[in-house]
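Okay, here's what each chain looks like letter by letter:
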Amino acid sequence: MNRRNFFNRAALTAVTAASVSKVTMAALPEPTTMNKADTAPPLAPPNGRPYNPVVTLNGWTLPWRMNNGVKEFHLVAEPVVREMAPGFKAHMWGYNGQSPGPTIEVVEGDRVRIFVTNKLPEHTSVHWHGQRLPNGMDGVAGLTQPAIPVGKTFVYEFAARRPGTFMYHPHADEMTQMAMGMMGFWVTHPKEKHPLIDAVDRDFVFLLNAYDIEPGSMTPKIMTMLDFNLWSWNSRIFPGIDPLVVRRNDKVRIRVGNLTMTNHPMHLHGHEFTVTGTDGGPTPRSTRWPEVTTDVAVGQMRQFEFLADEEGDWAFHCHKSHHTMNAMGHDVPTMIGVDHRGLVRKIQKAVPDYMVMGERGMADMGQMEMPIPENTAPMMTGKGPYGGVEMGGMFSVLKVRGDQKPGDYKDPGWYRQPAGTQAYEWKGALPDPARPQPGNPAAPAGGAEVNIRKPSGHTGH
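The following refers to the structure shown. (Residues numbered from 1 in each chain as written. Predicted model: local features only at pLDDT ≥ 70, side-chain atom pairs only at ≥ 80, totals over all residues. Heavy atoms only, no water.)

All right, on to the sheet that holds strand β14 (residues 244-247) then. Spatial strand order, β14-β24-β21-β16-β19: five strands in an open sheet with mixed pairing. Each having just a single partner strand, β14 and β19 (293-296) make up the two edges of the open sheet. If you compare each strand with its neighbour and ignore which way they point, the axes differ by 20 degrees on average. As defined by bridge partners, β14 adjoins strand β24 (residues 395-401) across four bridges and the pair is classed as parallel. If you follow Arg-247 over to β24, its bridge partner there is Arg-401. (Pairing = 2+ DSSP bridges. Helix = DSSP H or I, 4+ residues; strand = E, 2+ residues; numbered from the N terminus. Axes fitted to C-alpha atoms, helices over the stretch in contact; angles between N-to-C directions.)

Below, the structure is given as structure tokens:
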């Protein structure tokens, strides 16, 4: 081994620290960054084994270079500014200019080398969630490797041993770094036709994440455990989440990873799907059945597939209703049914900005022009062709069109329902409602709707 080969190999040894100097950076793949929150078109592989690329919702795929048969990537861990919705930005930590970081796409059997440069104010590491790899490449700081110091570059190298859907995220000061948005997607495509992996026309990926950002501020509160106020996909909240645009009769795959602190029942309107894979790999065909909602637990991946054979604009969202709202407060009392007539005017003499919240429900909140701090996402927002959608957070739209060209992901606009296929106002006479008759056991006694018994003493507990 000559001197040049020795130093070349030393520079590429897995988990090797090096100063981030101009000389060092010149030997690495050029770090690519992204400063837009738009959904990038799929990245067709310029070299290496061919595959059908994925589309990262409001994200992009990280380019690579081939070096003597090894696929080389460069991740840069750094503070970023993420636009979570139009006009609302957050100070986060991420990779290559964004949170989440770019999707990494490889093919089963690829030899992969990932350079990770740390531009954070503290040490970090990268864990390759769900991968089969050598123990020293697993990315747990203190256990399988030293943490990556500030200003240093480490190298991870391993073979992509099995196809599937995976994630990457830090395993160093994880509570802080993941709460600040450090995470990314990884897809390993099969190298040949797989008996459990079908070909699809469109393949979407995104991560579920959550943040607690006080109205008017820009930085997530890292100590929050449960009461998050922003539930997001790829660090975006509706109406900032792009639609999933497909052509009618496309076979569609959606891959979802959950890095929040709770589970999320993902619900698709207008179609039924089958869960075809987890972070453990493709599911046996005998275990698959039709669903319209599938639960994605903490730290899990789910991929599901369906035939998009119903035209229209179909809602797609987490079915926990508080997860489809933005910046909501948890300590607002329920005022439904409380008569405020005359009271508001009196209070406004002392507090001009006072308004009633929830007297008739919360739908009015979507139309209020109430003053809010700068850089705050409204609680209920998003407009559709017929008015306010009254949704936020984890919500998007599957747009199925018969005239969408193959491979075209441009938003086709709102769907126009054919005549006679839309709900409408009934203007005819209505029959009298059926009511329980006297003597019927279903009739309430004495007209009372609720009987209340006040406790006396501590008996009967």
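The discussion continues.
Within the secondary structure, Pro-373 is located in the loop between α4 (343-350) and β22 (381-384). As for Pro-373 and Pro-215, which are separated by 158 residues in sequence, their C-alpha atoms are 6.2 Å apart. Among residues more than four places away in sequence, those in contact with Pro-373 are Pro-215 and Gly-216. (Contact = heavy atoms within 4.5 Å.)

Turning to the pattern of salt bridges, a few remarks are in order. Throughout the structure, instances matching the rule amount to 20 salt bridges. Taking the shortest distance from any N to any O, the salt bridge between Asp-110 and Arg-49 comes out at 2.7 Å. Within this pair, whereas Asp-110 is found in the loop between β6 (104-107) and β7 (111-118), its partner Arg-49 is found in the loop between α2 (22-26) and β2 (55-56), the two being separated by 61 residues in sequence. For Arg-49, a relative accessible area of 36% puts it in the partly exposed group. Glu-157 is the partner of Arg-111 in a salt bridge, and the nearest nitrogen-oxygen pair spans 3.2 Å. With Arg-111 in strand β7 and Glu-157 in strand β9 (residues 152-159), the pair connects residues that are 46 residues apart, well separated along the chain. In this structure Arg-111 comes out as partly exposed when scored by relative accessible area, which is 38%. (Salt bridge = Lys/Arg side-chain N within 4 Å of Asp/Glu carboxyl O. Buried < 20%, exposed > 50% of the residue type's maximum accessible area, 1.4 Å probe, protein only.)

Here the residue pair Ser-99 and Pro-100 is connected by a cis peptide bond, since its omega of -5 degrees sits within 30 degrees of zero. Secondary-structure assignment places Pro-100 in the loop between β5 (88-95) and β6. The residue Asp-173 is not glycine, and still its phi comes out positive at about 45 degrees. Inspection of the secondary structure assignment puts Asp-173 in the loop between β10 (164-169) and α3 (174-179). The phi angle at Asn-249 is positive, at roughly 75 degrees, despite the residue not being glycine. By the element assignment, Asn-249 lies in the loop between β14 and β15 (250-258).

Burial runs high along β7: seven of the eight residues are buried. Across eight bridges, the pairing between strand β4 (residues 70-85) and β7 is parallel. Looking across to β7, one finds that Val-76 is bridged to Thr-117. As paired strands, β7 and β9 are joined by seven bridges and run antiparallel to one another. Pairing of Arg-111 across the sheet is with Ala-159, part of β9.

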